[in-house]
Structure formats: C-alpha cells, structure tokens
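Structure assessment
One letter stands for each residue in the lines below.
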Number of protein chains: 2
Amino acid sequence: MEYSSSVLAKAVNEFAKLPGVGEKTALRYALWLLKQDKEAVAMFADSLSDLKDKVFHCQRCNNLSDTPLCPICQDTERNTKQICVVETIKDVMAIENTDSYKGVYHVLGGVISPVEGIGVGDIKITQLLSRVKSEAVEEVILALPTTMEGDTTAFYIHKLLEHENIKVSALSRGISMGEGVEYADEQTLARSIALRQSFDEIYKH
Amino acid sequence: MEYSSSVLAKAVNEFAKLPGVGEKTALRYALWLLKQDKEAVAMFADSLSDLKDKVFHCQRCNNLSDTPLCPICQDTERNTKQICVVETIKDVMAIENTDSYKGVYHVLGGVISPVEGIGVGDIKITQLLSRVKSEAVEEVILALPTTMEGDTTAFYIHKLLEHENIKVSALSRGISMGEGVEYADEQTLARSIALRQSFDEIYKH
C-alpha cells in the first residue's frame, strides 16, 4: 500500500513484523496509536525498549525475570525437591494458573527438533542435569508438548536421569475435561484406554 | 495471568491496549520482541514514538503527512478541480490503490453520528466548504460509507454545496465485482435494480 506519511509507513512496517500481523492489522494498530496522546505512546514505546534492557533469564530455572532469581525460585514456600520441566515460560504461566503445583520449574527454552536444527546443546538440558545433581531433587516432572519433538526430548532427559535415583514422571495423557469421548482424536482415545486410571484415583482429584 | 517479570507484564499490558488484541496475543507479541536483538526492538520503539512527533495532518486535505502539505496535494499532476471526500485516510489509501483516480482528496476524519456524539463541528466539513469556495472546484465526489451515518453526512454536505454551482457525485452502489447475484444482500440487490446502469456504460469500464 502507498502511505502519504513515511513515518506512518515505518511504524506499520514494524508492526507487520509481529507474528501473525499483516499490513492491514499493522495499519490499524498504527492509526490507533496515532489517536492516543503523546504520553500514552511514549509509555508504549518505553515498555518495549525496557523488554531488552530489564528482562533477564532466571539464573536457576531460566524463567523470565526482572531479578537474577525469578519470583518462583525466590519463594521459600516452594518445594525445591520437585522440578517441573517445561518448554517455554508460557507453560510456566499456564501451570501456575492452575494453582495446583507448588514445586519449582526448569524452562528448557525449546525442545529437540532435528527439522528446525535444535539440538541438545541449544536448550537448557545440561543445566537441568547439574541442578538435579546439586539441589537434592527428588522428582522431575516432564511437562513437555505431546509432539514427536516433545516426546524425544522427554525420552532423552529420562535417559540422562536414569541413574540419578530420582522419580521421573510426566503429565498424564487422556481425554480432556469436559470433552465428549466421541470427539477425542483416535490417538488420544487409544492411549487413554491403554493408560486407563483407577476410578478411585480419578475421582479423588 | 501472573508474570514472573513485571517489565514483561507491562509490555503485555501495553500491547493488549491495541484494538482487537487480547492478553494471549499481547504475550505472543512481547515474547517475539524479546527474541529480537536490541537494535531491532529500539527501532520498533522509536518508530512508535515518531508517530506522535513527526506525523501531521495535511493543511489542505487533512490526510496524514510528514510535511505541511501531503504528497498528493503537492503533486502538480493531480486534478485539483476534483475533490473526493472520504471518512478516513484508509479510504484514501484504498482509492489510491485502484490507480483510477487522479483528483485530490478531503479527509473528514469521521462521519456525523449522533449515537457516538460526533456532530458537524467534529469533522472537517467547514474546511471542505472553504476549499470549494476558494479552489475553483468543479466536482465533489462523495466516497462515504454506505451506512446511515455515511448517508447522513453525504446528504448534509450535498445540501451545503447545493448553491455552489458544482457537480456533486457519489460512488456508485450495486453488486460487488465477482459476486454472485444470489449472494448479494436484499438491500444491495433492490438498489442495484433501481439504480441499474446502461449495459454500454458498464462494459465500457
């Protein structure tokens, strides 16, 4: 599209770099910003610059944090003997949202994917191993995606931890809550039969 | 959602103010930015600040511009005797995109809408009238939305220009190009029968 203002065109161009944002949406964002007052736009711009200046990775768990140790690692109420291994910080947020886990986390920052060229060295697996060795960990819970890449990564970590004398578990697989059996995909259904759980076990939770 | 970084939370909060952006999308944008290098993020942030510092409204037609007069008003090749009246600069872009109009524009910046409290004084109607009086205009083309508000505004402008001895026209109404007749809505279909055009006229264009 042709823009009568090159400054507007530049802002649209920047917005259009965001994932899933096309030129029309980018223009909508830029025109919306143009209507806001100067202070609001400055605050918006500053909050973005701050992202690169003030956000770090937690030294222990690799979660995002404003401080060397993230709030979860700093929290003395958390059970440091349980480490939940996740792919991204979005997974940490999702699990925290459930309010049903009181252990700590380890954010890998990705999963092994030969297709995308992500190898063992590109994600925080070594750091997980040294935490297990040094932090008196009792259980590692693998909360990785149920994809080929996620399963490969889980299997790799499981192998690494085999001789560490700790419990290695993974999130349960099965039918979603509120889902009709007929709507579950074949693979999930087959697995949920094979991995069927004791009735008492399920209704206790 | 809970964020382990307040700086991240702030950026997400800012993104979520954009029209049509919810918290999940805002988080996706912020995390994407976090992965870019510092220079790219600085460029993004600067382009937003520039919006309020360096973009103005064209003194003549109210289009957005980096200069007092927009590129279209500066272009000596354009026919200044034709003024196309539009609601927003998006409409200017859409019409420019067709490459079939060589006149100039007048951007009202809105349409009359009692429901939203937008009156005659809130949009650039007075400025249009003074342009018509001072610029030797021969035709005003109303390219306003085909809504009640758009039609009201068009009617109001038409009334104002009644005694100016110029041609006042409006975009033709009818079936969209490439649209099956059965899919046109009733109102459009009824109008396109009432406003039917000569076969020769249509196929000439």
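Residues numbered from 1 in each chain as written. Chains lettered and ligands numbered in written order. Predicted model: local features only at pLDDT ≥ 70, side-chain atom pairs only at ≥ 80, totals over all residues. Heavy atoms only, no water.

1. Overview of the relation of the copies chain B and chain A
Structural alignment of chain B on chain A gives an RMSD of 0.1 Å, achieved by rotating through 180 degrees and translating 0.1 Å along the axis. Both chain copies can therefore be described as sitting about a two-fold axis. Among all C-alpha atoms of chain B, that of B:A45 lies closest to the rotation axis, at 2.2 Å. A shared binding surface is used by both copies, with 100% of the interface residues of chain B retained as interface residues in chain A. (Least-squares fit on C-alpha atoms with pLDDT ≥ 70 in both. Contact = heavy atoms within 4.5 Å.)

2. Quick look at the confidence of the model for chain A
Residue and element names in this part refer to chain A. The pLDDT averaged across chain A works out to 90; a share of 99% of its residues lies at or above 70. Considering each helix and strand of chain A separately, the mean pLDDT is smallest for helix α9 (residues 199-204), with a value of 72, and largest for strand β4 (residues 103-107), with 95. Model confidence for the complex: the whole-complex pTM is 0.75, and ipTM, which rates the interface, is 0.75. (pLDDT = per-residue confidence, 0-100. Helix = DSSP H or I, 4+ residues; strand = E, 2+ residues; numbered from the N terminus.)

3. Considerations on the nonpolar core
With 76 residues, the main nonpolar core has A:L8, A:F15, A:L48, B:L8, B:F15 and B:L48 as its most contacted residues. Ignoring any residue separated from it by four or fewer positions in sequence, one finds A:F15 in contact with A:V21, A:A26, A:Y29, A:A30, A:L33, B:F15, B:L18, B:F44 and B:L48. A:L108, A:L129, A:V137 and A:A154 belong to the second-largest nonpolar core, a separate cluster that totals 19 residues. (Core = buried A, V, L, I, M, F, W, Y, C linked by side-chain atoms within 4.5 Å. Buried < 20%, exposed > 50% of the residue type's maximum accessible area, 1.4 Å probe, protein only.)

4. Some points on the interface of chain B and chain A
Taken together, the contact pairs 52 residues of chain B with 52 residues of chain A. At the boundary of chain B with chain A, total buried surface from both sides reaches about 5,000 Å², with 71% on carbon and sulfur atoms. Our enumeration of links across chain B and chain A arrives at 2 salt bridges. Close ionic contact of B:K38 with A:D53 constitutes a salt bridge, the shortest N to O distance being 2.7 Å. At the surface where chain B touches chain A, the tally comes to 17 residue pairs in polar contact (both at pLDDT 80 or more). Of all the secondary-structure elements, those providing two or more residues to the side of chain B that touches chain A are α1 (6-15), α2 (23-35), α3 (38-54), β2 (64-65) and α5 (89-98) of chain B. With 14 residues, α3(B) is the single largest residue contributor to the side of chain B that touches chain A. (Buried area = accessible area lost by both parts, 1.4 Å probe. Salt bridge = Lys/Arg side-chain N within 4 Å of Asp/Glu carboxyl O. Polar contact = N/O pair within 3.5 Å; in protein donor to acceptor, adjacent residues only side chain to side chain.)

5. Let's talk about the pattern of salt bridges
Under the counting rule described, the total for this entry stands at 23 salt bridges over all chains. A salt bridge links A:D151 to A:R173, with the shortest nitrogen-to-oxygen separation between them at 3.3 Å. Of this pair, A:D151 sits in helix α7 (residues 148-161) while A:R173 sits in the loop between β6 (167-170) and α8 (186-194), placing them 22 residues apart in sequence. Judged by relative accessible area, which is 25%, A:R173 ranks as partly exposed. For B:E162, the salt bridge goes to B:K159, with nearest N and O atoms at 3.4 Å.

6. Some thoughts on the sheet that holds strand β6 (residues 167-170) of chain B
All names here are of chain B. Read from one edge to the other, the open sheet built from 4 strands follows the order β4-β3-β5-β6, with strand pairing classed as parallel. Sheet topology places β4 (103-107) and β6 at the edges, where each strand pairs with a single neighbour. Strand-to-strand twist of the sheet, defined as the mean angle between neighbouring strand axes without regard to direction, takes the value 25 degrees. Each of β3 (79-86), β4 and β5 (139-143) touches helix α6 (residues 125-134); the most contacted strand, β4, lies at about 150 degrees to it. (Pairing = 2+ DSSP bridges. Axes fitted to C-alpha atoms, helices over the stretch in contact; angles between N-to-C directions.)

7. Examining the side chain of B:H106
All names here are of chain B. Positionally, H106 belongs in strand β4. Judged by its relative accessible area of 1%, H106 falls in the buried class. A distance of 3.5 Å separates the side chain of H106 from the backbone nitrogen of L128, its partner in a polar contact. Once you skip the residues sitting within four places of it in the chain, H106 turns out to touch R60, C61, I83, C84, V85, V86, K124, Q127, L128 and R131.

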